[in-house]
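If you want the building blocks of each chain, they are given just below.
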Amino acid sequence: MSSKFILVSCCLLGGSGVVNAATVVGGSGFDGASGDTAYTLTQNGANFGGEVLAGGPTGNYFRITEQSNSNNNEIAFDTVGDTTGWTNSQFTVDFRADGGADGFSFALIPTATFGSTGGGAAIGEAEEPNGAGIFGIGFDVYNVIDQLSLHWDNTTLSPSGDISNTGGFDLNDNLWHSLLVNIDRDPLTGNALVDLDLFAEAGQGGAVTNVYTDFGVAGLNLEQFRVQFAGRTGGVNMNSDIDNLAFSITAPNIPEPATSGLIGLSGLLLLTRRMRR
């Protein structure tokens, strides 16, 4: 899939004219397609540095950790465009895990800190993606707990600082599953609503387990970011794999002066979310 801008239909009329929206898309199937988003792999552990392997749901896949001790790897994708003032972002990925510990994570890392390309954020405990200015989702399988957690700006959010159980979904059964994350955000306040669904099969197929619906994240002031996955093993180990990452980020293109357009935009976001449900 290609990394590009797609201009979509105009959204509303403000005092200064039309507010347009641009959607940035990216991702990778790890099959060497010319349009795949470039990425950088960083090995922080003593063993295994991650690799592309054959035999995924639709071709190759990426192995973040293997069944050996002391893995700690990050795969950080390049930024794919200007996302300032973004109002919606959606991410899908196939994943598979097998083994006892520790876990892996999906994260949005700020380019102001980590740049638009190159190595990403070094997260010591990959299954707990805490860090300044980082939004993340942790997948913790240690001791067969099968738990997810939401994180923002060095704080665990879900809920009241506790990790949220996935309701019996087996994260490390050595089968391909898939994840869908949708975030709607008010560009004025940064306040966001997060939806997260797990699917029994790759490609958002099979039975759906809803983990979060409209989970509120206050002040998600993460304007320019890029996507990162990380994983680690310790004295107990696991395979953790990803494939078919796809994401889209929609941001308004607001002419100056933009005040009345922004006021209308906040209302439009609420209306759009209600219409989608």
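The following paragraphs examine the structure supplied in this document. Because the structure is a prediction, the values reported are computed rather than measured.

The rules behind the values
- Each chain has its residues counted from 1, following the order in which its sequence is written.
- Totals for whole chains, interfaces and linings use every residue, but because this is a predicted model, local features are given only for residues with pLDDT of at least 70 and side-chain atom pairs only at 80 or more, for both listing and counting.
- Side-chain measures were taken over the full set of non-hydrogen atoms in the model, leaving aside hydrogen atoms and water.
- Put simply, DSSP H or I for four residues or longer makes a helix, DSSP E for two residues or longer makes a strand, and each gets a number counted from the N terminus.
- Any residue under 20% of the maximum accessible area for its type is buried, any over 50% is exposed, and the rest in between are partly exposed; the area is computed with a 1.4 Å probe on protein chains only.
- We call two residues in contact when some of their heavy atoms are within 4.5 Å.
- The definition of a polar contact used here is a pair of N or O atoms within 3.5 Å, where within protein one atom must be able to donate a hydrogen and the other to accept one, and adjacent residues in sequence count solely through side-chain atom pairs.
- We define a salt bridge as a contact between a side-chain nitrogen of Lys or Arg and a carboxyl oxygen of Asp or Glu at a distance within 4 Å.
- Each cavity reported here is a set of points on a 1 Å grid over the protein atoms alone in which a 1.4 Å probe fits but cannot get out, each pocket an open set with protein on both sides within 12 Å along at least five of seven lines, and each lining residue one with an atom within 4 Å of a point.
- Grid points are joined across faces, edges and corners, and a volume is the space filled by probe spheres set on the points.

### Examining the side chain of D102
No. 1: Relative to the assigned elements, D102 resides in the loop between β7 (88-99) and β8 (103-110).
No. 2: Judged by its relative accessible area of 10%, D102 is buried.
No. 3: Non-local contacts of D102, meaning those with residues more than four positions away in its chain, are made with E127, F139, D140, V141, Y142, R232, T233, G234 and M238.

### With respect to the environment of D140
No. 1: With respect to the secondary-structure elements, D140 resides in strand β9 (residues 135-140).
No. 2: As a C-alpha pair, D140 and S105 span 35 residues in sequence and 8.5 Å in three-dimensional space.
No. 3: Among the polar contacts listed, one links the side chain of D140 to the backbone nitrogen of Y142, at a separation of 3.1 Å.

### Overview of the pattern of salt bridges
No. 1: For the structure shown, the criterion picks out five salt bridges.
No. 2: Put simply, R96 and D241 hold a salt bridge, and the shortest N to O gap is 3.0 Å. Of the two residues, R96 is situated in strand β7 and D241 in strand β17 (residues 238-253); the sequence distance between them amounts to 145 residues. In this structure, R96 and D241 share a single accessibility class: buried.
No. 3: For R232, the salt bridge identified is with D102, shortest N-O distance 3.8 Å.

### Regarding empty space enclosed by the protein
No. 1: In the structure shown here, the tally under the stated rule is two cavities of 30 Å³ or more.
No. 2: In this structure, the largest cavity spans a volume of roughly 50 Å³.
No. 3: Residue lining of the largest cavity: D78, T79, V80, G81, T83, F225, R226, V227, F247 and I249, and that is the complete set.
No. 4: At the level of elements, β16 (225-232) and β17 are the ones that each hand at least two residues to the lining of the largest cavity.
No. 5: Broken down by element, the lining of the largest cavity gets its largest block of residues, three residues, from β16.
No. 6: Quantified by volume, the second largest cavity comes out at close to 30 Å³.

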